[in-house]
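The chain contents come next:
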Amino acid sequence: MRTRFFSGSVGLSVIFLGLAGCGKGAKSDTDAAAGPATSASTGDTRMVAPKSDTASAGGDAERDQIVNRSCEIQSANECIAKERATSAYFASQSQKIASAPFDFAVERVWLKGSCAKGDKPEKRDDTDGLKLIAEGKATYKGTELLAGASLDGVLYVDNGGERFITLRAEERAYSYWGGTKEVSKFTRRVRGSDPWTSGQTRDFHWESKPLSEAFCEVVPKQVAAILEVDSYSVKSGQQKHQVKVVPVNWDEVIGMSARENVTIRRPKGEKYVDEPGQSLFGRLDKMLVVGASGKAEWLSHASVSHTAFLKKGPAASLPVKIDSPAWTVTVNAISTTKEFGGYSPAGEDQFLAVVDVDIEMKTSGADGKPLKATKIKSVGFKLETAPGTWRDIVGKATGQLDGSSEIAPGSKTSGKIVFPRQQFERPFRLEIKTPDKTTSVAEVFSYELKPASWK
């Protein structure tokens with residue numbers, strides 16, 4: 001019986017084997033955080049024929065042995081769960097990595113899933129929660145032949161208290177048709193007919209069980225996974241090894257700047273071709289990268305490799321000027337608010353992003369001919385609030401830059417423009433279209449735009 005951490009998300013995977021009367025009502029700290037207690041009692045009330053005293057005594061003794069054994073198992077599981085949920089346990093497991101006979105090179109790490117979305121919380125659809133995924137290559141450095149090896153591990157979430165929340169590695173995925181597939185695994189399975197020899201490298205895919213989408217509302221003090229290998233050698237038998245600590249930047253849940261050299265893997269026929277690139281931003285399973293073409297594009301994180309764990313990069317450096325042959329647009333600042341110019345979004349998840357801009361019209365165009373006065377609304381703006389999602393200006397908010405007024409050649413006007421955004425969205429770029437048919441993009445990313453619950 002698996003506990004659930006929150007409604008809609010599978011949580012901590014501690015299995016309790018108990019019978020009625022064995023530790024009744026007791027739960028580990030980890031299980032208590034997971035949700036309501038689960039009863040192991042069968043509740044069987046069927047009538048049975050009376051037995052003789054001798055038979056009854058023998059049956060009671062046998063049942064006592066079963067109960068005692070069950071209690072021993074339950075106590076051991078509870079003890080393991082409690083120890084695993086402590087910061088001391090996390091530190092001790094991390095220290096064991098240096099002695100493991102494996103070298104794990106993590107090539108990509110990302111958070112997969114989504115946060116809750118909907119104007120009315122009581123009508124929001126449940127999501128699949130958030131998972132940590134890590135992929136890369138593992139090299140066996142030991143001297144003994146491995147007849148079997150499987151991936152395991154734990155995701156730790158430190159909310160600043162004395163204890164961690166822990167989630168085991170995802171093991172099986174189930175289809176609607178009843179089929180199953182292995183999730184956390186070596187893509188080339190280790191088995192008797194294909195044993196793992198010293199110096200050999202195999203690809204791996206690891207993912208945690210899902211964390212509730214409720215964690216989108218908070219900023220954990222620390223999130224990290226410890227990857228483990230359960231191995232079976234011909235000589236020494238079964239062993240467990242802690243092999244890698246994988247840190248997580250929680251800002252990637254809503255958006256994070258990430259300026260790293262990366263490798264982009266693109267399909268070409270039946271094969272793949274790698275090209276060098278540069279990452280700009282990451283959000284959950286999407287990454288904005290610039291490849292050989294020089295064009296910025298959002299790609300699946302699974303197709304982008306980076307030699308080191310992504311570091312939290314800087315916000316956009318504002319103000320920034322965008323020049324076209326006839327216009328100069330300066331983006332001064334970006335901020336967030338719940339109300340602007342008498343307009344307030346109806347939904348609890350909806351907020352407003354306010355962009356402060358200057359618009360300047362030059363005296364002549366690219367052809368050198370004098371320019372004529374034109375209306376401000378001839379300059380178009382769109383804001384990217386999520387990967388590939390562009391929002392138009394909110395027309396109902398008064399006090400914005402007056403689009404109906406004119407701007408004369410050689411003059412400048414200033415004001416604010418307002419866009420809608422969801423609470424778990426952090427805008428990345430501002431698209432600017434000027435009347436001389438020039439389209440430009442300015443980065444407006446700011447860590448100050450975040451959910452109201454983030455402190």
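Let me begin by describing the structure that accompanies this report.

Here is what the cut-offs are and how they apply
Residues numbered from 1 in each chain as written. Predicted model: local features only at pLDDT ≥ 70, side-chain atom pairs only at ≥ 80, totals over all residues. Heavy atoms only, no water. Pairing = 2+ DSSP bridges. Helix = DSSP H or I, 4+ residues; strand = E, 2+ residues; numbered from the N terminus. Phe/Tyr/Trp six-rings, centres within 6.5 Å; stacked < 30°, edge-to-face > 60°. Buried < 20%, exposed > 50% of the residue type's maximum accessible area, 1.4 Å probe, protein only. Lys NZ or Arg CZ within 6 Å of the ring centre and 35° of its normal. Lys, Arg positive; Asp, Glu negative; His and termini not counted. Salt bridge = Lys/Arg side-chain N within 4 Å of Asp/Glu carboxyl O. Contact = heavy atoms within 4.5 Å.

A few words on the sheet that holds strand E4 (residues 130-140). If you trace the four strands from one edge of the open sheet to the other, you get E3-E4-E10-E9, paired in antiparallel fashion. Each edge of the open sheet carries a strand with a single partner, namely strand E3 (102-113) and strand E9 (185-186). Where E3 and E4 come together, 11 bridges link them in antiparallel fashion. Its bridge partner being in E4, valine 106 is matched across the sheet by glycine 136.

The next subject is the environment of serine 212. Inspection of the secondary structure puts serine 212 in the loop between strand E10 (201-207) and strand E11 (222-233). Sequence spacing of serine 212 and aspartate 126 is 86 residues, and the spatial spacing of their C-alpha atoms is 9.5 Å.

Let us now look at the packing of aromatic side chains. Taken as a whole, this structure holds 15 aromatic pairs when the rule is applied. Measuring from ring centre to ring centre gives 4.8 Å for phenylalanine 90 and tyrosine 156, while their planes differ by 70°; the resulting arrangement is edge-to-face. With a gap of 66 residues between them, phenylalanine 90 in helix H3 (residues 87-95) and tyrosine 156 in strand E5 (residues 146-158) connect regions that are remote in the sequence. Judged on exposure class, the residue phenylalanine 90 and its partner tyrosine 156 are both buried. Ring centres 5.4 Å apart and planes at 55° place the aromatic pair phenylalanine 102 and tryptophan 196 in the tilted group. Taken together, the residues phenylalanine 102 in strand E3 and tryptophan 196 in the loop between E9 and E10 connect sequence positions 94 residues apart. Across this residue pair, the class does not change: phenylalanine 102 and tryptophan 196 are buried. Sitting over the ring of phenylalanine 281, arginine 259 keeps its end group 5.0 Å from the ring centre.

Note on placement: arginine 283 falls in strand E15 (residues 271-283). Lacking a salt bridge, the buried arginine 283 has glutamate 425 as its closest oppositely charged neighbour, with an N-O distance of 5.4 Å. Look past the residues within four positions of arginine 283 in its chain and what remains in contact with it is Glu252, Val253, Ile254, Gly255, Ala386, Pro387, Phe424, Glu425 and Phe428.

Interpretation in functional terms is not warranted from these geometric data alone.
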